[in-house]
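Listed below are the residues making up each chain.
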Amino acid sequence: MMICPKIISKKRPLFTEPIFVVRPNLPSAEELSPLIAEMLKKRQVTNFGDFHNELEERIRRLCNVKYAVLCCNGTVGLFLLLRALGLKGKVVTTAFTFPATVHSVFMAGLEPVFCDIDPDGYTLDVDSVERSITKDTSCILGVNVFGNVCDVERLQALGKKHNIPVIYDSAHAFLCKYKNKYVGGFGYAEMFSFHATKLFTTIEGGVVTTNNRRLYVKLKQLINFGIKDEESVTGIGLNGKMSEINAIFGLLSFEQKDNILMKLARLSECYKKHLSAVPGIKLQKVREGCKINNQYMTIEVIPEEFGLTRDELYEALKEDNIITRKYFYPPAHKYECYRGFEFADKARLANTDTLSQRILCLPIYATLKIEDVKKICDLIVSIRDNSKKIRSRLKSRSSCRKNCV
Ligand code: T4K
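Given the structure is predicted, the values throughout are model-derived calculations rather than measurements.

K.L.:
Before we go on, may I ask you to explain a positive patch on the surface in this structure?
P.N.:
Taken together, the side chains of Lys263, Arg266, Lys273 and Lys374 define a basic patch exposed on the protein surface. The dominant element in the positive patch, judged by the number of residues it contributes, is helix H9 (residues 244-275), at three residues. Relative to the assigned elements, lysine 263 resides in helix H9. Looking at lysine 263, the relative accessible area reads 32%, which means it is partly exposed.

K.L.:
Help me understand the site of the ligand in this model?
P.N.:
Around the ligand, the structure places 25 residues, and the nearest of them are Arg23, Thr75, Asp169, Arg325 and Tyr327. Within the side chain of aspartate 169, an N or O atom sits 2.6 Å from a nitrogen atom of the ligand. At 2.5 Å, a side-chain N or O of tyrosine 327 approaches an oxygen atom of the ligand. Elements with a contribution of two residues or more to the shell around the ligand: helix H4 (74-84), helix H5 (99-107) and strand S9 (189-193). A breakdown of the residues in the shell around the ligand according to their chemical character gives eleven nonpolar, ten polar and four charged.

K.L.:
What exactly am I supposed to notice about the sheet that holds strand S8 (residues 181-182) here?
P.N.:
Strands sit in the order S8-S7-S14 across an open sheet of three strands; the sheet is antiparallel. The sheet is open, and its two borders are formed by S8 and strand S14 (290-291), each paired with just one other strand. Bridge count between strand S7 (residues 177-178) and S8: two bridges; the pairing is antiparallel. Within the sheet, the bridge partner assigned to tyrosine 178 lies in S8 and is lysine 181.

K.L.:
Please explain the state of the cysteines as it appears in this structure.
P.N.:
Structurally, a disulfide amounts to a covalent bond that connects the sulfur atoms of two cysteines. This model, assessed by the stated rule, comprises zero disulfides. Cysteine 115 supplies the cysteine sulfur nearest to cysteine 150, a cysteine that is in no disulfide, at a spacing of 9.6 Å. This cysteine, cysteine 290, is not joined by any disulfide, and cysteine 176 carries the nearest cysteine sulfur, 5.8 Å off.

K.L.:
Is there a simple way to explain the pattern of salt bridges in this structure?
P.N.:
Working definition: two side chains of opposite charge can pair if their charged atoms are close together. Under the counting rule described, the total for this entry stands at 23 salt bridges. For arginine 154, the salt bridge is made with aspartate 127, and the minimal N-O distance between the two is 2.8 Å. In this pair, arginine 154 is assigned in helix H7 (residues 152-162) and aspartate 127 in helix H6 (residues 126-132), connecting sequence segments 27 residues apart. Connected through salt bridges with shared partners, the residues Asp120, Lys282, Glu300, Glu304 and Arg358 form a single ionic network.

K.L.:
When you look at the environment of leucine 219 in this model, what are you seeing that I'm missing?
P.N.:
Along the chain, leucine 219 falls in helix H8 (residues 213-222). Between the alpha carbons of leucine 219 and valine 233 there is a distance of 13 Å; along the sequence they are 14 residues apart. Leave out the neighbours within four places in its chain, and leucine 219 touches Val69, Leu80, Leu81, Ala84 and Val208.

K.L.:
Hey, could you run me through the packing of aromatic side chains in this one?
P.N.:
Under the definition given, this model contains 24 aromatic pairs. For the ring pair phenylalanine 200 and phenylalanine 254, a centre distance of 5.3 Å and an interplane angle of 90 degrees mean the geometry is edge-to-face. Placement of the pair is phenylalanine 200 in the loop between S9 and strand S10 (206-210) and phenylalanine 254 in helix H9, with a sequence separation of 54 residues. Among the aromatic residues, ring-to-ring pairing joins Phe96, Phe98, Tyr122, Phe146, Tyr296, Tyr327 and Phe328 into one connected group. Positioned above the aromatic ring of phenylalanine 51, the side-chain terminus of lysine 42 is 5.3 Å from the ring centre. The ring of tyrosine 314 carries the charged tip of lysine 326 above its face, separated from the ring centre by 4.3 Å.

K.L.:
Would you explain the environment of threonine 354 in this entry?
P.N.:
Secondary-structure assignment places threonine 354 in helix H13 (residues 350-358). Since its relative accessible area comes to 35%, threonine 354 is described here as partly exposed. Residues threonine 354 and leucine 82, 272 residues apart in the sequence, show an inter-C-alpha distance of 29 Å.

K.L.:
Honestly, the side chain of threonine 210 in this entry has me stumped. Any pointers?
P.N.:
Here threonine 210 is to be found in strand S10. Other than its neighbours up to four places away in sequence, threonine 210 contacts Val65, Lys66, Tyr67, Tyr188, Ala189, Leu215 and Tyr216.

K.L.:
Please clarify how the sheet that holds strand S17 (residues 359-362) should be interpreted in this entry.
P.N.:
Strand pairing in a sheet takes place through backbone hydrogen bonds and is either antiparallel or parallel in direction. Ordered by their spatial adjacency, three strands build an open sheet running S13-S15-S17, and the pairing between neighbours is antiparallel. The open sheet has two edge strands with one neighbour each: strand S13 (281-283) and S17. Across the sheet, the mean angle separating the axes of adjacent strands is 40 degrees when strand polarity is ignored. Alignment of strand S15 (residues 297-301) against S17, held across four bridges, turns out to be antiparallel. Residue pairing in the sheet places methionine 297 in a bridge with leucine 362 of S17.

Cut-off values and rules
- Residues numbered from 1 in each chain as written.
- Predicted model: local features only at pLDDT ≥ 70, side-chain atom pairs only at ≥ 80, totals over all residues.
- Heavy atoms only, no water.
- Patch = residues over 30% accessible without salt bridge, like charges linked within 9 Å, V, L, I, M, F, W, Y side chains within 5 Å.
- Areas by Shrake-Rupley, 256 points an atom, 1.4 Å probe, with all protein chains shown as cover.
- Salt bridge = Lys/Arg side-chain N within 4 Å of Asp/Glu carboxyl O.
- Lys, Arg positive; Asp, Glu negative; His and termini not counted.
- Charge placed at Lys NZ, Arg CZ, Asp CG, Glu CD.
- Helix = DSSP H or I, 4+ residues; strand = E, 2+ residues; numbered from the N terminus.
- Buried < 20%, exposed > 50% of the residue type's maximum accessible area, 1.4 Å probe, protein only.
- Near = heavy atom within 4 Å.
- Polar contact = N/O pair within 3.5 Å; in protein donor to acceptor, adjacent residues only side chain to side chain.
- Nonpolar A, V, L, I, M, F, W, Y, C, P; charged D, E, K, R; others polar.
- Pairing = 2+ DSSP bridges.
- Disulfide = S-S within 2.5 Å.
- Contact = heavy atoms within 4.5 Å.
- Phe/Tyr/Trp six-rings, centres within 6.5 Å; stacked < 30°, edge-to-face > 60°.
- Lys NZ or Arg CZ within 6 Å of the ring centre and 35° of its normal.
- Axes fitted to C-alpha atoms, helices over the stretch in contact; angles between N-to-C directions.

Dropping the structure here:
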């Protein structure tokens, strides 16, 4: 194999170690060990143990809802929520999301109907939702993208008008506030993810919050194989429970959360200060009254003004060991697995298509240093200033890769 000289002659990267888009917030071994020792002593390691129940109750109180159901991850939570609602037909939702949202709909035997998104805040465009509702629509599923809360008031009114539930994929939105209240009590139910990449984490895990008792009872059964009691199985469920070890991580996340929120807010402010005036970079517009958790730091790259496309900026940052992510590319109506389905092939989503080509998630996590954020911002500015040179370097690198390796 011949290695191209142009590739090896690249300058030294800005960071010697990779800077990832996110790093998990983890407790120390010292914080973990007494809780693990307690769990081992009790010999209750899963199936609704004390740690599980304590975490569930603390989340319920924090979100100020009547019920919370912990689950093994957010995807299973959303899937079982859709099943618990006993829906049939179509679910109006967004294609600008992680695969988990749409796959949950599909796997619950429902048909997604994609509507477009607001070009500034990236959440459901309510006019587009309204146009998408037909007699077959059984639910509206909003996604609180990057923590930005959907237009909950208008969606609620729409749900009421058509007599269909509105639910939220709030995977990104734990600890976000809307009108001074923690997100969690909007619509029929909300699902949060506690994956390792989330600021509040149980490593793998999630929760569904609701004020609806019937839904809660059903969901509680469905995450436990549909078992009602020792002698009756009333639902077609699966094993969606959260284990004790995961719940321990969650309880420790409670202790860290305020500190993490504060650190993320500082990092986000720093990004905004340095990037908001850069031509060709647009920041997400957060809904008025919404206080986001800053778990994601996104920029929209407008190629005509920035001089490079989002993908080129992604590559240029990678040369300096900054590993960003293109959430959410491709959008769901372009997934290969949905090719041939009318709901995907016929979807016309101008804003979704544009944003999925333009949004880039920059590194943000509690242990990231503010100096490193400044360096990343300076680098982005200098990439813009040298866009022509960088474009031609990236082009020659990519053709070298094709020809030489
Ligand atoms: N709905 C929405 C809107 C979602 O965004 C998600 C998940 C869900 C539903 C489903 O919730 P869960 O079922 O996951 O609870 C990551 C997460 O795995 C996923 O939870 C999240 N959204 C999505 C936005 O991001 P990937 O495939 O991008 O993850 P990965 O492995 O590439 O990790 C990203 C970066 O994080 C890596 O570059 C390095 C760092 N990392 C990751 C892990 C797992 C670490 O440093 N350590 C780690 O242990 O999906």
